[in-house]
Amino acid sequence: MVSWLPSKLTSASLLVIGVLFHVTYICSIFDIYFTSPLVHGMEQHRVEAPAPAKRLVLFVADGLRADKLYQFHSDPKTNELTTRAPFLRHIIEKEGSWGVSHTRVPTESRPGHVAIIAGFYEDVSAVTKGWQMNPVNFDSVFNQSEHTWSFGSPDILPMFAHGASDPDRIDTIMYPAEFEDFGTGDASELDTWVFEHFTDLLEKSKTDAALHKKLHSDKIVFFLHLLGLDTNGHSHLPMSEFYLNNIQIVDEGIKKVTEQLSEFYNNDGKTSYIFTADHGMGNRGVHGDGHPDNTRTPIVAWGAGIQGPNKVNPQGHDEFSADWGLDKYSRHDVKQADIAPLMASLIGTNYPVNSVGELPLPYLDTPESFRAASTFTNTLQILEQYHVKQELKRRTELLFKPFPGLTGDHSPEAVKAQVQALIDAGKYKEAEAECVIVRDLCLEGLRYLQTYDWLFLRSVISAGYLGWIAFSLNFILRTFVGGQDSHLGPLGGPRTRRPIASVASPQENQAVNILSVVVFAVFSIILTIKHSPALYYAYVAFPILFWSRVVLDRRELLSAISKTTQNYGWIKSIGSVLGYIVALEILVYSYFNRGILSICFLFLALWPVFLPAAVQRNNTLLMASWSLSCLGTSVFTLLPVEMGEDKILILAGGLILTASGFVSTAVIPGITADPQQPGAAVTARNVLMFQTGLIALSTVIVIDTVKSLAAHEGLPLLNQTLSWIILFITGSIPFVYGARSSQHYLLRMVIIYLSFAPIFILLSTSYEPIFYFCLSATLLSWLMLERKIYSASEMQPLSDTLHSEKRGLTGASSSSSSNIGIVNGATVRTVDYPIRGLSPKDARPAIFFLFFINVAFFGTGNVASLASFSLQSVFRLTTVFNPFFMGVLLIVKILIPFFLVSSIFRVLGRSLELPPFSLFLLGLATTDVMTLNFFYLVRDDGSWLEIGTSISHFCISSLMVLFTILLFALSDLLVGRVLVPVVGEGQRKKRS
């Protein structure tokens, strides 16, 4: 297995392995915590007693928060506090039951609807289907109904028709996808469309005998999906009048539907109604994470079989419902999946076979015999899942251990006989109580089986991450510390032969290879018996691969460690390692409190005070620039991420960036000019001026677009066209101008900075452009300050010789040169890369890099959630709902600061005379210490906020590693050929 790797690894091959490893291991979080709970082959169960209702109407207000429905809101005309849902409030007070439905992460439309209608929480892998198509076919209340008519969005309705046992059983009446436009103003028209087409259905039945007969069948369902609130929440935020008025429109529509059905069915009292939501809406107009605003949705039920309001002993209230004015009526909270068995019970259909919902008895107003029978059926249906799942697991495990709670007196056979005897004896309350106990045990048993492989998987994943850290550090130490000389290749590959004493013997190499193959074969047999997915084999292969290589190269590793400690001393070396680990743990803590980054910036602002006198001398302006930029950037990690759109801040940021463009145009071409190529300076000045003009134009377009959207006039076509043109032009400039030639590093960095500024402005909603400027100033100051520190440590001034990396050399020494030119009076040498080895002092720039990566991401976003990046950012480019397309634009916005950090860091490595990628690899190898922290901090219990936050932390940390690898490769393409002054070439201190 070790032989799969080349005998002499290079940085490039290590990066490829790193990408493959992290892409694979990101999936582990889903395989461990979000495997599909679905199994097939269960018997169906339903209540044999007559059902209280013949038909059910399900209203799902997409994106409706519970508090926004139940609270009183100020009337814009009278300023009086009033409810926006008077009909539903009347239902709560006079006719039905109500409460809060608690959803699960991810709080997206598809998983929410699946939980409501099918009764189970599906795995996150459904996101790869856009939350629309079914990754696995599943049963649902609609599938078990006699017939279902569904009205609403094409994003939701097809998934319940697709895979149904009888596709003709489910009718879908949908509006075109183009109707879902965030820029058209009031999206409540989507809900009006649904109510109108429901009316059309009833009208059509007057002339269509077949339809009339279907509508008068038993066990039928009407599903009204109301997307307007979600769209208005994204476009105008949930505090807006658009959102609140949409609640009123939905309330009026529900009242009309209720009246129409009462008239249509001659007030037969056989219709049940349930109103709920799939997920809530955050204050920034986004959802997806576990924030309570996203997980708490309303549920109101009334009609046939539904319990009326309880005013005698109201229960269930807490601080959340304190200001709703409903404390006189009992609040009955449910889990979102509990709604499915409630619907099945009301109309007498089979319970969905995959449902894990618990029948909410407080909502039922039926005879005790029916309640007991319904609870028994609910228990049998979940027990059937446990039985099938246990048998599947038993067949795939060598030493299977059954769940102890469902053995003996609580074995499936004993439970069925005991409960049935209680029901036959008329002891309904006792039967209910016994069913609840057994049902809870069944759910625990399903949980036990779902997590059966966790210990195995967690151990393998931990070994993989630790193996990667050891493997990559081993490569870094033996290549850039223990084995470095002046003959390392341009990507860090060793050119010299390794000392014979440190190389594993052929016999040892063969023994390790055989052992690796045997271990992998044993694991493969186990995984085959377990019927494990193909990805599990990769999970096992990586740690075997990494640790085998570490064992083979252990002598080189120990030699590198020994050399480091000899050169720099044990205390300094161990101190650097411990300090590095402490810094990583501080960064882990910053995920939970972004204010820690501001505290770090305050300490960093004082850094120049502790620099050597040789650095402080004649660098006052640079040190002041560093301190001021640190203080400026520190502000942003203290600002709330849930800020609304602010065109004043966008304008201020645009003006600052434009001003910086004018200053750069006036200064940079002059100090980086080549006297022998006067035309190059003129071209550079023209390019910079053109970029500055694009920044100004982008600012004007964004301000005008914001005004147009605020006036509900939609996205102007001219603005949209210009925005796309600017995005493509300015994004291509760094790749077209100077990418394949040698430019001065300052000119190159300014071109990159100005190129991405217009894109950042176009995707901004508030203070982001100001953050972009402050972060860029901090990064440039850091680069210049590190260069001065290194110059002082080498006791040599920065020379006038510019160094341009020559690629493709195979044997030239570092002193050889192939091209000599003049840039602004300075000698330009194109030579093989002059290098030195990594040392403990290089831990500082590596940890600074990781710190700035975190700042780049969290400066404008919430560490708990990728959803904290406002969807309004993309409305300058598109307003038609497309989750993946909009997601790509948001990712582009997130990656721009990443790219700046990577580019600066790439140039810094050149300035410090280190082999390319060596500093980056040091950061990359150790950042998985943070990822491993978050892997063990992932929770699947506790509050939904805690669960969602822990998952988000792991995903963000893993994705940051992956993004950084890809962006650093891209930064090497753009800044790998820049001209960088070297330190006193030919007169450097002798290094051991």
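Residues numbered from 1 in each chain as written. Predicted model: local features only at pLDDT ≥ 70, side-chain atom pairs only at ≥ 80, totals over all residues. Heavy atoms only, no water.

Moving on, we get to the overall build of the protein chain. Regarding its fold elements, the protein chain presents 33 helices and 14 strands. Looking at the protein chain as a whole, 59% of its 992 residues are labelled buried. For the protein chain, restricting intrachain contacts to residue pairs at least 6 apart in sequence, the fraction spanning at least 24 positions comes to 80%. (Helix = DSSP H or I, 4+ residues; strand = E, 2+ residues; numbered from the N terminus. Buried < 20%, exposed > 50% of the residue type's maximum accessible area, 1.4 Å probe, protein only. Contact = heavy atoms within 4.5 Å.)

One face of the sheet, then the other: side chains in a regular strand alternate in exactly this way. Of all the six residues making up strand β5 (residues 147–152), six are buried; the element is thus mostly covered by neighbouring parts of the structure. Of the two faces of β5, the one lined by H147, W149 and F151 and the one lined by T148, S150 and G152 are each fully buried. As defined by bridge partners, β5 adjoins strand β7 (residues 220–226) across five bridges and the pair is classed as parallel. Considered in β7, the bridge of T148 is made with V221. By the bridge criterion, five bridges tie β5 to strand β6 (residues 170–174) in an arrangement that is parallel. By the bridge assignment, G152 is partnered in β6 with M174. (Pairing = 2+ DSSP bridges.)

Our next topic: the packing of helix α8 (residues 189–204) against helix α11 (residues 241–264). The geometry of α8 relative to α11 is characterised by a closest axis approach of 10 Å and an angle of 10° between their N-to-C directions. Here α8 lies roughly parallel to α11, going by the angle between them. Between α8, through D191, T192, F195, F198, T199 and L202, and α11, the contact on the second element is made entirely by N246, I249, V250, G253, I254, K256, V257, Q260, L261 and F264. Residue composition of the contact of α8 with α11, by class: nine nonpolar, five polar and two charged. (Axes fitted to C-alpha atoms, helices over the stretch in contact; angles between N-to-C directions. Parallel < 35°, antiparallel > 145°, perpendicular 65-115°, else oblique. Nonpolar A, V, L, I, M, F, W, Y, C, P; charged D, E, K, R; others polar.)

Glancing now at the pattern of salt bridges. When the charged atoms of two side chains with opposite charge come close together, those side chains can pair. A full pass over the atoms with the stated rule returns 19 salt bridges. For the salt bridge of R65 with D67, the shortest nitrogen-to-oxygen distance reads 2.9 Å. The pair R65 / D67 is uniform in exposure class, with both members buried. If you follow the salt bridges from partner to partner, you end up with K393, E397, D453 and K530 in one network. (Salt bridge = Lys/Arg side-chain N within 4 Å of Asp/Glu carboxyl O.)

Here we come to the sheet that holds strand β10 (residues 334–335). The strand order across the open sheet built from eight strands is β6-β5-β7-β1-β8-β9-β4-β10, with neighbouring strands paired in mixed fashion. The open sheet has two edge strands, β6 and β10, and neither has a second partner. Bridge count between strand β1 (residues 55–61) and β7: seven bridges; the pairing is parallel. Within β7, the position partnered with A61 by the bridge is L226. Here helix α4 (residues 86–95) sits on the sheet in contact with β4 (97–102), β8 (271–276) and β9 (296–303), set at roughly 60° to β9. Set on the sheet, helix α13 (residues 339–347) makes contact with β1, β4, β7, β8, β9 and β10; between it and β8 the angle comes to about 170°.

Turning next to the packing of helix α25 (residues 647–671) against helix α26 (residues 678–710). Two elements in contact, α25 and α26, have axes separated by 9 Å at closest approach and are oriented at 175°. One way to sum up the angle between α25 and α26 is to call them roughly antiparallel. Per-class residue counts for the contact of α25 with α26 are 15 nonpolar, eight polar and three charged.

Grouped together as the largest cluster of nonpolar side chains are 152 residues, with contacts concentrated most on W782, F852, F898, F920 and L921. Tallying contributions element by element places helix α28 (residues 745–762) first for this core, with 15 residues. Ignoring anything within four residues of it in the chain, the contact list for F920 reads L15, F849, F905, T964, I965 and F968. Counting residues in each nonpolar core, the second largest holds 52 residues, with Y175, W193, I220 and Y329 among its members. (Core = buried A, V, L, I, M, F, W, Y, C linked by side-chain atoms within 4.5 Å.)

All right, on to empty space enclosed by the protein then. Counting across every chain of the model gives seven cavities of 30 Å³ or more. In this structure, the largest cavity spans a volume of roughly 110 Å³. Taken together, 14 residues form the lining of the largest cavity, with L850, I853, T927, M960 and T964 sitting closest to its centre. Residue contributions to the lining of the largest cavity peak at five residues, all from helix α32 (residues 918–937). Counted by class, the lining of the largest cavity contains nine nonpolar, five polar and no charged residues. (1 Å grid on protein atoms, 1.4 Å probe; cavity = no way out; pocket = protein on both sides within 12 Å on 5 of 7 lines; lining within 4 Å. Points joined across faces, edges and corners; volume = space filled by probe spheres on them.)

In this section: α25. The end-to-end C-alpha distance of α25 is 36 Å, a good match for the 36 Å that 25 residues give at a rise of 1.5 Å each. For α25, the principal kink sits at S664 and spans about 35°. Taken as a whole, α25 has its buried residues at I650, G653, G654, L657, T658, S660, G661, S664, T665, I668 and P669. Its side-chain oxygen at 3.0 Å from the backbone nitrogen of I648, D646 defines the N-terminal cap of α25. (Expected span 1.5 Å × (residues − 1). Bend = angle between axes of the 7 residues up to and from the residue. Polar contact = N/O pair within 3.5 Å; in protein donor to acceptor, adjacent residues only side chain to side chain.)

Moving on: the environment of K401. Inspection of the secondary structure assignment puts K401 in the loop between α14 (368–395) and α15 (412–424). Counting along the chain gives 51 residues from K401 to Y452, while the straight-line C-alpha distance between them is 9.3 Å. Apart from residues no more than four positions distant in its own chain, K401 is found in contact with Y448 and Y452.

Moving on, we get to unusual backbone geometry. Notably, N79 is not glycine yet its phi reads approximately 65°, a positive angle. Position of N79 among the secondary structure elements: in the loop between β2 (72–74) and β3 (81–83). The class of N79 is exposed, set by a relative accessible area of 60%.

So, on to the confidence of the model for the protein chain. Here the protein chain averages 83 in pLDDT, while 86% of its residues score no lower than 70. Overall, residues 483–501 carries pLDDT values under 50, and its contacts beyond four positions in sequence, including any with other chains, amount to 51 contacts. Here residues 863–868 is a poorly scored stretch, pLDDT under 50, and it has 22 contacts once near neighbours within four places are set aside; other chains count. (pLDDT = per-residue confidence, 0-100.)

Under the defined criterion, the tally for this structure stands at zero disulfides. Left without a disulfide partner, C442 is nearest to the cysteine sulfur of C435, which lies 9.7 Å away. (Disulfide = S-S within 2.5 Å.)

A few words now on the packing of aromatic side chains. Tallied over the full model, the rule gives 55 aromatic pairs. Plain terms: the ring middles of Y591 and F934 are 4.3 Å apart, the flat faces sit at 45° to each other, and that makes the pair tilted. Placement of the pair is Y591 in the loop between α21 (570–590) and α22 (595–605) and F934 in helix α32, with a sequence separation of 343 residues. Take F934: its relative accessible area is 1%, and that puts it in the buried class. (Phe/Tyr/Trp six-rings, centres within 6.5 Å; stacked < 30°, edge-to-face > 60°.)

For the rest of this paragraph, the subject is the side chain of K393. Turning to its location among the elements, K393 is positioned in helix α14. Using a relative accessible area of 16% as the deciding quantity, one classes K393 as buried. Leaving out residues up to four positions away in the same chain, K393 has contacts with F400, L449, Y452 and D453.

Now for helix α10 (residues 228–236). Extensive coverage of α10 is indicated by the burial of nine of its nine residues. Turning to α10, its buried residues are G228, L229, D230, T231, N232, G233, H234, S235 and H236. Those residues of α10 that are buried lie in contact with β1, α8, β7 and α11.

Time to look at the pairing of β1. Here β1 lies mainly inside the structure; seven of its seven residues are buried. With six bridges joining them, β1 and β8 adopt parallel strand pairing. Bridged to V57 within β8 is Y273.

This part is about a nonpolar patch on the surface. The grouping of W570, I574, V577, L578 and I581 at the surface amounts to a nonpolar patch, some 510 Å² of accessible area in total. The topology assignment puts I581 in helix α21. Its relative accessible area of 40% is what places I581 among the partly exposed residues. (Patch = residues over 30% accessible without salt bridge, like charges linked within 9 Å, V, L, I, M, F, W, Y side chains within 5 Å. Areas by Shrake-Rupley, 256 points an atom, 1.4 Å probe, with all protein chains shown as cover.)

With respect to the helices and strands, the residue D168 is situated in the loop between α7 (158–161) and β6. Separated by 20 residues in the primary sequence, D168 and T148 place their C-alpha atoms 9.4 Å from one another.

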